[in-house]
Amino acid sequence: MRKFFYALLAISCTSHVLAQQLPTAFKSQEVSPGIYVLEGEDGFGGGNVGLLVGDDYVVLIDDAMYSTVGLLIDAATQLAGRPVDFVINTHVHGDHVGGNEFVADLGAIIVAHDNSRKRMIPDPQLNTGPGALPVLTFSDKVTFHINGDEAFVFHIKNAHTDGDAAILFRNANVIAAGDVMFNYLFPFIDLDSGGSVSGYIAGQQKLLAMANDETVIIPGHGPVASKADLETNLKVLIDAKTRVKVLVDKGLNADEIVAANPLALYHDDYNWGFITTERMTRTLIRSLTGK
Ligand SMILES: [Zn+2]
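Residues numbered from 1 in each chain as written. Predicted model: local features only at pLDDT ≥ 70, side-chain atom pairs only at ≥ 80, totals over all residues.

A. Focus on the packing of helix α7 (residues 197-210) against helix α8 (residues 227-249). One way to put it is that α7 packs onto α8 with a least axis distance of 10 Å and a crossing angle of 155°. Of the possible angle classes, the one that applies to α7 and α8 is roughly antiparallel. The two elements α7 and α8 cross, and the hand of that crossing is left-handed. Between α7 and α8, the residues in contact are Val-197, Tyr-200, Ile-201, Gln-204, Leu-207 and Leu-208 and Lys-227, Leu-230, Glu-231, Leu-234, Leu-237, Ile-238 and Lys-241, respectively. Looking at the contact of α7 with α8, its residues break down into nine nonpolar, one polar and three charged. (Axes fitted to C-alpha atoms, helices over the stretch in contact; angles between N-to-C directions. Helix = DSSP H or I, 4+ residues; strand = E, 2+ residues; numbered from the N terminus. Parallel < 35°, antiparallel > 145°, perpendicular 65-115°, else oblique. Left-handed = near helix turned anticlockwise from the far one by under 90°. Contact = placed C-beta atoms within 7 Å. Nonpolar A, V, L, I, M, F, W, Y, C, P; charged D, E, K, R; others polar.)

B. Inspection of the sheet that holds strand β3 (residues 49-53) at higher detail. Strand order in this open sheet of seven strands is β1-β2-β3-β4-β5-β6-β7, and the pairing throughout is mixed. Pairing within the sheet leaves two strands with one partner each, and these edge strands are β1 (25-32) and β7 (136-138). Pairwise comparison of adjacent strand axes, ignoring direction, gives a mean angle of 25° for this sheet. Sitting on the sheet, helix α3 (residues 69-80) touches β1, β2 (35-41), β3 and β4 (58-61), and the angle it makes with β1 is about 45°. (Pairing = 2+ DSSP bridges.)

C. The arrangement of the nonpolar core in detail. Within the largest apolar cluster, 81 residues are counted, with the highest numbers of intra-cluster contacts made by Leu-72, Ile-167 and Ile-175. Once residues within four sequence positions are removed from consideration, Ile-175 is found in contact with Ala-166, Leu-168, Leu-207, Met-210, Ala-211, Thr-215, Ile-217 and Ile-218. (Core = buried A, V, L, I, M, F, W, Y, C linked by C-beta atoms within 7 Å. Buried ≥ 20, exposed ≤ 12 C-beta atoms within 10 Å, placed from the backbone.)

D. Fine view of the environment of Glu-231. Looking at where Glu-231 falls in the secondary structure, it is placed in helix α8. C-alpha of Glu-231 to C-alpha of Ser-28: the two residues are 203 residues apart in sequence and 25 Å apart in space.

E. Molecular detail of α7. Here α7 contains 14 residues, and its C-alpha end-to-end distance of 20 Å stays within 8% of the 20 Å for a straight helix at 1.5 Å per residue. Taken together, the buried positions of α7 are occupied by Val-197, Gly-199, Tyr-200, Gly-203, Gln-204 and Leu-207. Angularly, the buried residues of α7 cover 160° about the axis, an arc narrow enough to put them on a single face. Summarising the geometry of α7, the exposed residues directed more than 90 degrees from the buried face are Gln-205 and Ala-209. Structurally, α7 contributes buried residues whose contacts are with β9 (149-156), β10 (164-169), β11 (174-182), α8 and α11 (277-289). (Expected span 1.5 Å × (residues − 1). Arc of directions from axis to C-beta.)

F. Examining the sheet that holds strand β8 (residues 141-146) more closely. Spatial ordering of the open sheet is given by β8-β9-β10-β11-β12, a layout of five strands whose pairing is mixed. On the outer flanks of this sheet lie β8 and β12 (216-221), each paired with one strand and no other. Each strand axis lies, on average, 25° off the axis of its neighbour in the sheet, ignoring direction. Here three bridges tie β10 to β11, and the two strands are oriented antiparallel to one another. Bridge pairing in β11 places Ile-167 opposite Ala-176. Where α7 meets the sheet, it contacts β9, β10 and β11, and its direction lies at approximately 165° from that of β11.

G. Quick peek at the pairing of β3. Of all five residues making up β3, four are buried, and the element is well covered by its neighbours. Note: β2 against β3, four bridges, orientation antiparallel. What sits directly across from Tyr-36, in β3, is Leu-51. As defined by bridge partners, β3 adjoins β4 across four bridges and the pair is classed as antiparallel. Opposite Leu-51, over in β4, you have Leu-60 as the bridge partner. Counted along the chain from β3 to the antiparallel partner β4, the turn is four residues long.

H. Region of the structure containing the environment of Ala-80. Tracing the chain through its elements places Ala-80 in helix α3. For Ala-80, a count of 21 C-beta atoms within 10 Å translates into the label buried. Non-local contacts of Ala-80, meaning those with residues more than four positions away in its chain, are made with Val-53 and Val-58.

I. Molecular detail of unusual backbone geometry. Even without being a glycine, Asp-42 presents a positive backbone phi close to 60°. Mapped onto the elements of the fold, Asp-42 is located in the loop between β2 and β3. Residue classification places Asp-42 among the partly exposed positions, given that 13 C-beta atoms sit within 10 Å.

Structure below.
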């Protein structure tokens, strides 16, 4: 059922238009005291959303889609008891930042990496009006000192896009990975927005180095994860790249490699509507050959 809803990501991620199957509400899971993950119920609501609630401030990590942000804010306000103060955008895609204008209008300050803001400016589906663009951007890292914790926001270079931000809550030992992690789903590596396979692998290695066995990882898509889950996903990506490279090195062209189906062993567990096994294979070919 989950994978069915993710099929709708294809629509939102590529063209940012309304998904057909919208959620009826957002459900929450408290992964650490005061830190929640929110996701659409009975429909695709956008990427996973993080919510930090505490004495000082209310912080959202991403704000779903233009079409679902109202439901998201209903759920967030119910949990927090007051409006959102900050939104941290993990990257530029419309299923993560489509709610910016709506939340800014309620008084929130939007924070993002420099490159994410740059990519939003010329996009009429993201630069929808006053407040849609982040007002505070950073190049490498920035730390929020709030609610008795440090939220360390850092850039991951050329991974899912060229503007990825992940967040480590140091005391809570929670990492919000954005789309640098798709948990048990082939990852979307957006080569046209500055993403790269090698950067994605390096990014996941960077996240792993920050994690221990108790760390809770909030992926951009898929269920809440552990360090072991991230290790498994990373191992699959590295092996998938190696399998494709063997065929590239043999001189096979893209269609011949797809026909050989080098990722067949991962199909049942990782194929999904947006990033099919074939699309993952073609992304790896393109990243290895440049075409
Ligand atoms: Zn994305």
